[in-house]
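Listed below, chain by chain, are the residues.
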Amino acid sequence: MSGVEVRGLRKSFRKHEVLKGIDLDIAPGEVVGLIGPNGAGKTTLMSCLLGYLHPNGGTITIDGRANDDLDIRRRTGFVPERMNFDRGVNGRAFLRYMARLAEISRDDVDARVDAMMTRLGIAHAAQKKLSTYSRGMLQRVGMCQALIHEPKFLFLDEPTSGLDPNGVLLVRDLINEQKERGAAVLLNSHQLAEVEKVCDRVLFLSGGVISHRETLRSDVSIPIAITLLAGTYDEASIAEIAGTAPRDNIVITVVTKEDEIADLVRRIVASGAGVIGVRRHTTDLENIFRGGK
Amino acid sequence: MTVGESLPDARHPLPGDRSESSSSGNGHRASGNAFLVVIAETWRRNVVNVAFIVYVVLIGLIAVGSGSFSGSGSAMQPLLVLLTLIIGCRIIGPEFSSGTLQLILAKPINRSTYLLSRVAGTLVSVWTALLFVAVCNLIGRAISDRPLRVETLLLTMLNIMADTLLVVALLALFGSLTRSYLNVAIYVVLLVGCNAGQGVFGMLRMARPAIAKTLSFIPKILVFIDDNLFAGAPIDHFDRDFLLLAASNALIALAAACFAFRRREVPYGAD
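Remember, it's a predicted structure, so these values are computed and weren't measured experimentally.

Q: Go over the sheet that holds strand β13 (residues 275-280) of chain A with me, naming the residues and quoting the values.
A: All names here are of chain A. Read across the sheet, three strands follow the order β12-β11-β13 without closing on themselves; strand pairing throughout is antiparallel. Since the sheet does not close on itself, it has two edges, and those belong to β12 (250-255) and β13, each with one partner. Each strand axis lies, on average, 20° off the axis of its neighbour in the sheet, ignoring direction. When strand β11 (residues 222-228) meets β12, the two strands line up antiparallel, connected through six bridges. Residue pairing across strands places Ile222 opposite Val255, the latter belonging to β12. Each of β11, β12 and β13 is contacted by helix α9 (residues 259-270), which is oriented at about 160° to β13, the strand it contacts most.

Q: Just give me the short version of the sheet that holds strand β7 (residues 153-157) of chain A, but keep the residues and values in it.
A: Residue and element names in this part refer to chain A. If you trace the six strands from one edge of the open sheet to the other, you get β6-β7-β8-β3-β9-β10, paired in mixed fashion. Two strands bound the open sheet, and with one partner strand each, they are β6 (76-79) and β10 (209-215). Neighbouring strand axes in the sheet, compared pairwise and without regard to direction, differ in orientation by 15° on average. Judged from the five bridges that link them, β7 and strand β8 (residues 184-188) form a sheet pairing that is parallel. Its bridge partner being in β8, Leu154 is matched across the sheet by Val185.

Q: Run through the interface of chain B and chain A, naming residues and quoting values.
A: It is common to give the size of an interface as the accessible area that goes away when the parts come together. Opposite the 36 residues of chain B that make contact, chain A presents 41 residues. Contributing elements (two or more residues each) for the side of chain B that touches chain A: α1 (3-6), α2 (25-47) and α6 (100-105) of chain B.

Q: Which residues make up the pairing of strand β3 (residues 31-35) of chain A, and what values do they have?
A: Residue and element names in this part refer to chain A. Most of β3 is tucked away: five of the five residues are buried. Here β3 shows no split at all, with Val31, Gly33 and Ile35 on one side and Val32 and Leu34 on the other all buried. Alignment of β3 against β8, held across four bridges, turns out to be parallel. The residue of β8 that forms the bridge with Val32 is Leu186. Direction of pairing for β3 relative to strand β9 (residues 201-206): parallel, over a ladder of four bridges. Bridge pairing links Val32 to Arg201 in β9.

Q: Break down the nonpolar core for me, with residues and values.
A: Among the nonpolar cores identified, the biggest contains 133 residues, and Leu95, Ile148, Val185 and Leu187 of chain A together with Ala169, Leu171 and Ala172 of chain B are the most heavily contacted of them. Residues in contact with Ala169 of chain B, not counting those within four places in the same chain, are Val119, Ala250, Ala253 and Leu254 of chain B.

Q: If you had to explain the domain arrangement of chain A to someone new, which residues and values would you point to?
A: If you check the domain split of chain A, you get domain 1 (4-215) and domain 2 (222-292). Each of domain 1 of chain A and domain 2 of chain A was reduced to a C-alpha centroid, and the two centroids are 37 Å apart.

Q: So, the packing of helix α3 (residues 91-101) of chain A against helix α5 (residues 135-147) of chain A: which residues are in play, and what are the values?
A: Residue and element names in this part refer to chain A. Remark: α3 packs on α5, axes separated minimally by 9 Å, with the N-to-C direction vectors making an angle of 25°. Considering their axes alone, α3 and α5 lie roughly parallel with respect to each other. Here the hand of the crossing between α3 and α5 comes out right-handed. From α3, Gly91, Phe94, Leu95 and Met98 reach across to α5, where they touch Val141, Cys144 and Gln145.

Conventions adopted
Residues numbered from 1 in each chain as written. Chains lettered and ligands numbered in written order. Predicted model: local features only at pLDDT ≥ 70, side-chain atom pairs only at ≥ 80, totals over all residues. Pairing = 2+ DSSP bridges. Helix = DSSP H or I, 4+ residues; strand = E, 2+ residues; numbered from the N terminus. Axes fitted to C-alpha atoms, helices over the stretch in contact; angles between N-to-C directions. Contact = placed C-beta atoms within 7 Å. Buried ≥ 20, exposed ≤ 12 C-beta atoms within 10 Å, placed from the backbone. Core = buried A, V, L, I, M, F, W, Y, C linked by C-beta atoms within 7 Å. Domains from an automatic or database assignment. Parallel < 35°, antiparallel > 145°, perpendicular 65-115°, else oblique. Left-handed = near helix turned anticlockwise from the far one by under 90°.

Here it is as structure tokens:
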């Protein structure tokens, strides 16, 4: 299959089992968020996917091939949580080296490095040594080296860590661009608001297993919340029309097309109910996170 | 402006199967490019390093002044071996700890290729310094009107090249097994330990002959390590045994380093 496919992944360090059978799919053009408390195994999972760690069991395939296949790596981008790389070189030289290793031709490399540094807002520091870069700038360098070869598979570990609000918005835009380009993206982040904004699905990793899966965006279903005026509706009628009964004057249901929203509201109003508001329903990741902890 | 719109086309013809275990011709071609890129970058970073330049210039000045590059009691060889230790200790171990290695291993380069290209880049750097020092020595001899046979100079250079090859191979092996700068620590401990151990055992043999007899295998091991890993290059003559020993032991060390590095786990954020 195309995309990332993980089945029954297990990883132990001595007797401590960190991953206890992870199943995971990321389709092309999909952004999947990975959340969970510290020590849940998120970084271990990411390390296994990238081939840094050898799993004790299970399979990892990317586009139907092994994850350490060089052709897969050629189409893979990775942003680590901490940018601790060689600080003695300047930003441009570092990115040129990374670009050449990513097999960008000698003729193209300068243009691509300059374009990426401009895009990420660090062109002014191109000739400065990485040791003089702030944490946010290093994070931008990390994004540059990961995106410079337009990867099909992108693994991001806390990419907004240390970034200012402009940087956070920029990373969000970049992730959306990768999604539109058809890249499969795995985003490991503690920034739940960011995960909500960019991810199609969220996996909650806890105790070495994926304890919760949540679809935030889908091409085939649109979750909506309709707020009703208290005392104006009959619960049974609403349940019959919407498929679910209201709770606290709110009906949460799913439609398959946006056109169906107006039709559904019209039928609810026709039943005599007062409708105060209609909005797209988003999952409360914070509650899931708290519950999972 | 999107990344896709703003950048030149990143797509290249797919070079076919280039898996880690692949031995296809295309795979070698792609790895070959990465091999040269890493060698060039390693060399570039070394030769633009101020400390490297200062050190090499100092050795060069000594070579000009003494003119003893290829004479008995030459200081050139140990100074160049020291240079090899200084720049060779950066192979793998420190990169693992800094996080650079993890970024590089996410790129399409297999581990053995990367390790060998780092070794080659380090050797090219050291041999660049060697060439510079040899030229300085020739200049020094020309100034002081002391003749030197080119054959002698070339043999000395060959011996030093073999010696530094073995040192870098050992540092790569130790670096592939450890973190940070432990590779050079292991090298120095082995170097000093073998000699000191033999001395200590000699004293033990005099003080406690019975215990020394029981432990007689220890000095044999120390001598074996010393002879094989730290043989020391002859100064100015052709020594086929030394060259074969250095080359074969370097090859064994590099093969072991590749084997260990391919199986090594390199979690990021480990340090």
